[in-house]
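As a plain string of letters, each chain reads:
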Amino acid sequence: MDPLPSELFRRLDETPDELFYRQPRFVTHIDPGAIAAVTELYREFFPQEAASWT
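Residues numbered from 1 in each chain as written. Predicted model: local features only at pLDDT ≥ 70, side-chain atom pairs only at ≥ 80, totals over all residues. Heavy atoms only, no water.

Q: Help me understand the overall build of the protein chain, please; the structure alone is not making it clear to me.
A: Across its full length, the protein chain carries two helices and zero strands. For 54 residues, the compact-globule formula gives about 10 Å, and the C-alpha radius of gyration of the protein chain, at 18 Å, lies well above that figure. Along the longest, intermediate and shortest principal axes, the C-alpha atoms of the protein chain span 50 × 35 × 15 Å. When the 54 residues of the protein chain are sorted by exposure, 0% land in the buried category. With an accessible surface of roughly 5700 Å², the protein chain has 60% of that area assigned to carbon and sulfur atoms. (Helix = DSSP H or I, 4+ residues; strand = E, 2+ residues; numbered from the N terminus. Rg over C-alpha atoms; globule rule 2.2 N^0.38 Å. Buried < 20%, exposed > 50% of the residue type's maximum accessible area, 1.4 Å probe, protein only. Areas by Shrake-Rupley, 256 points an atom, 1.4 Å probe, with all protein chains shown as cover.)

Q: Just checking my understanding: could you explain the packing of aromatic side chains for this structure?
A: We describe a pair of aromatic rings using the distance from one ring centre to the other and the angle between the two ring planes. In total, this model carries two aromatic pairs according to the counting rule given. Judged by centre distance (5.5 Å) and plane angle (85°), the rings of Tyr 42 and Phe 46 are edge-to-face. Directly above the ring of Phe 20 sits Arg 25, whose terminal nitrogen or CZ lies 3.7 Å from the centroid. (Phe/Tyr/Trp six-rings, centres within 6.5 Å; stacked < 30°, edge-to-face > 60°. Lys NZ or Arg CZ within 6 Å of the ring centre and 35° of its normal.)

Q: Can you walk me through a nonpolar patch on the surface in this structure?
A: Together, Ile 30, Ile 35, Val 38, Leu 41, Tyr 42, Phe 45 and Phe 46 give the surface a local cluster of nonpolar side chains, amounting to about 690 Å² of exposed area. Among the structural elements, Tyr 42 can be located in helix 2 (residues 32-45). With relative accessibility at 52%, the residue Tyr 42 sits in the exposed group. (Patch = residues over 30% accessible without salt bridge, like charges linked within 9 Å, V, L, I, M, F, W, Y side chains within 5 Å. Salt bridge = Lys/Arg side-chain N within 4 Å of Asp/Glu carboxyl O.)

Below, the structure is given as structure tokens:
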């Protein structure tokens, strides 16, 4: 198998991370299917009462 070309790993914004993340960014980093899967895991492994512990 040939290695993937390095240009496939370039970021759209090459700004250094320190500058990019200086401003808070409230974004979703996973797709709806992943969100649903994680939600189901939480429901399975954490008791419903845990939400009121904070």
